[in-house]
Amino acid sequence: MSDVSDRASSDPAGAGDSASAVALALAVMALGAFVAFDTFTGLTGPGYAQVGPGVFPLIVGAALLLAGLGLLVHSMRGQWRVAWVERDPSADASSAPLRNSVLVAAALTLNVMLFEPLGFIAASAVLFACVSAAFGSRRFVLDALLGIAFAAAIYFVFVHGLGLHLPAGDLWEGVPWRR
Amino acid sequence: MEALTPLLHGFGIAFTPINLLWALVGVTLGTAVGVLPGIGPALTVAMLLPATGKLDPVGAFIMFGGIYYGAMYGSSTTSILLNTPGENSSVVTAIDGHQMAKNGRGAAALATAAIGSFVAGTLATFALALFAPVVVTFALQFGPADYFALMLLAFTTVTAVLGSSMLRGLVSLLLGLAIGLVGIDMQTGQARLTLGLPQLLDGIPVVILAVGLFAVGEALFVVSRASRASETIIPVRGRVWMTKEEWRRSWKPWLRGAAIGFPFGTLPAGGAEIPTFLSYAVEKKLSKHPEEFGKGAIEGVAGPEATNNSAVTGVLVPLLTLGLPTSATAAIMLVAFQQYGLQPGPLLFARNPDLVWGLIASLYIGNVMLLVLNLPLAGLWVRLLAIPQPWLYGGILVLASLGVYSLHGSVFDLGILYVAGALGYAMRCADIPIAPAIIGLILGPLAEQQFRRAVAISQGDLTVFLTRPISATILAVAVAALLVPWFIRWRQSRTLAPAR
């Protein structure tokens, strides 16, 4: 046990930490409890079918609870860890995995919010440029232009070629090039 | 050989210009995604599903099949020239293949991989054409109880075999099963686990979850790892063909690989990954020069590469005859069948012979195409890796979002996609395998349906699963599948313990 925790503290790149593993194990158990509990509320009996709609959720929920318990034991014994980010010890300060992860997550959240108001082309260009930046590209303007070209090409093929619907963007109402 | 008559019929369908074109599109796309790490065949098929909804199913499946085994070819190329396997099924190939490339025998390694894949793929397709009808006759006797037992077997083997820990495999499977429960219960029309959101009443589509877990999860994971050192590509020097000695050392591993891969593919054990390790071990054991392994033994490339192609074809046996997916890609293909309103299983052979036999015949044709695409053009494929990583992942996320949005035209689905991506990221960080979740998600609702149907037929008698001989046998195998690896690990840990 002590041997394992020593290794974790002496190695900054590390194979992850046990605290996150404990948290994840608890999350799995909570999910199991929710799935199992959900079946007690508002579902009717089986009727002629013999096995009602609550049976499988109960089994899956209970199994998740038990499996989460197993994970908890593993994480407390230090047999299982979770590494959210991994730093390269030899790399310079500019490699900041945590910041990059947050940037990708933010870009995705932004995409959900902008997809319909800005339209597919503009929203995708923002997504493309932000993700490129997170992956280490330093040419933001070039990335954005490429994103616009890429998304515009897809838009044209999908909307005019395949006849599928993609949002043009409410903000551009009245702009002549809109379909 | 009257058994081959339907296959000839299939060739008639596969040889139409439009289907040849689909096969070509499929194998080309497959090779490309096989070369690129981070994008696999399962993800590619999942992302194509929304766009192929209005296509002729025969053409679509010929393309999906091409993507699946094309990825096996493409992956070997990067394993050999870059030591970066594009897929898990080529991890073993990298060991000796990359050494061969370093020794200046890269062209020979690519050749033995491609020809071996061709030989094994062709033999396995032949075996598929012979065995599938036999399994179909057998499967016609299956009742709901037997199908439930079969799915339980798939659950246990997928859990026990995939990933480094059985417990984490189980967690992944259960996550998939839990997500599969979301939505309206098909038998009673009651909403389950919907959190009161009307958008969740129809359940969470497998495609969205798969794209989220694979594409978005992978992007989030890769960006969180700092060590993204670029490997140097070893150029293929000259046009040096395999030497006579290399041919002599290759042909037996090809045949053995074909023989190992096919049966493993048919088992619910996650597809092509495990048999390649087995093939490598077998070749090392049988070789007269075991000391060469790890330093560029051609058998170590020829065997596993033949194996993974053969296994992919084997995967189609349970998928087509029983509707039972044994790998993540097969699970997505099952979704594709459902999208077209088709139910894979014994009746598929009677109702859609054009689709089944056209697909099987196209595997032959695709293998020929892949040989042509991969042998002379290997160097060209590797250039795909010159796409800068920022643009590659930017493009993947834009395409993933596009595919999921165009499924129902709903921004809510985009939200689900990214939440699934966060889940996929967490699972990767925690070393929880992804494939069991996908298989649980697709098979869970089917298993529940069969279970309830079986118990309804038996009027509440749960022993029906043990009294029917077919289901009892399958359940016994399932228990064995759980206990055997556990027993082996227990013995290994006992023998290894003093050494630590």
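Novice: Help me get a handle on the overall build of chain A, residues and values and all.
Specialist: Of regular secondary structure, chain A possesses six helices and zero strands. From first element to last, N terminus to C terminus, chain A shows the α and β order α-α-α-α-α-α. The buried share of chain A, taken over its 179 residues, is 40%. Taking the contacts inside chain A whose residues are at least 6 apart along the sequence as the reference set, 61% of them involve residues at least 24 apart. In the structure as shown, chain A presents an accessible area of about 9,600 Å², 69% of it carried by carbon and sulfur atoms.

Novice: Give me the lowdown on the confidence of the model for chain B, citing residues and values where you can.
Specialist: Here chain B averages 86 in pLDDT, and 94% of its residues register 70 or above. Both confidence scores are given for the complex: pTM 0.86, ipTM 0.86.

Novice: So what's going on with the pattern of salt bridges? Which residues, and what values?
Specialist: Residue and element names in this part refer to chain B. Within this structure, the stated rule accounts for 12 salt bridges over all chains. The closest approach of N and O atoms between Arg105 and Glu246, which form a salt bridge, is 2.6 Å. With Arg105 in the loop between helix H5 (91–102) and helix H6 (106–139) and Glu246 in helix H10 (residues 244–266), this pair connects stretches of sequence that are 141 residues apart. A salt bridge links Glu283 to Arg256; the nearest nitrogen and oxygen atoms lie 2.9 Å apart. Highlighted residues: Glu283 in helix H11 (residues 273–286) and Arg256 in helix H10, separated in sequence by 27 residues. Connected via shared salt-bridge partners are Asp185, Arg192, Glu448 and Arg452.

Novice: Kindly report on the packing of helix H3 (residues 55–76) of chain A against helix H8 (residues 166–181) of chain B, identifying the contributing residues and their values.
Specialist: Orientation of H3 of chain A relative to H8 of chain B, taken along the N-to-C sense of each, is 150°, at an axis distance of 9 Å. The angle between H3 of chain A and H8 of chain B places the two elements in the roughly antiparallel class. Of the two elements, H3 of chain A crosses H8 of chain B, and the hand of that crossing is left-handed. Together, Phe56, Pro57, Val60, Ala63, Leu64, Ala67, Gly70, Leu71 and His74 of chain A of H3 of chain A and Leu167, Arg168, Leu170, Val171, Leu174, Leu175, Leu177, Ala178 and Leu181 of chain B of H8 of chain B make up the contact between the two elements. In terms of residue class, the contact of H3 of chain A with H8 of chain B is made up of 15 nonpolar, two polar and one charged.

Parameters at a glance
Residues numbered from 1 in each chain as written. Chains lettered and ligands numbered in written order. Predicted model: local features only at pLDDT ≥ 70, side-chain atom pairs only at ≥ 80, totals over all residues. Heavy atoms only, no water. Helix = DSSP H or I, 4+ residues; strand = E, 2+ residues; numbered from the N terminus. Buried < 20%, exposed > 50% of the residue type's maximum accessible area, 1.4 Å probe, protein only. Contact = heavy atoms within 4.5 Å. Areas by Shrake-Rupley, 256 points an atom, 1.4 Å probe, with all protein chains shown as cover. pLDDT = per-residue confidence, 0-100. Salt bridge = Lys/Arg side-chain N within 4 Å of Asp/Glu carboxyl O. Axes fitted to C-alpha atoms, helices over the stretch in contact; angles between N-to-C directions. Parallel < 35°, antiparallel > 145°, perpendicular 65-115°, else oblique. Left-handed = near helix turned anticlockwise from the far one by under 90°. Nonpolar A, V, L, I, M, F, W, Y, C, P; charged D, E, K, R; others polar.

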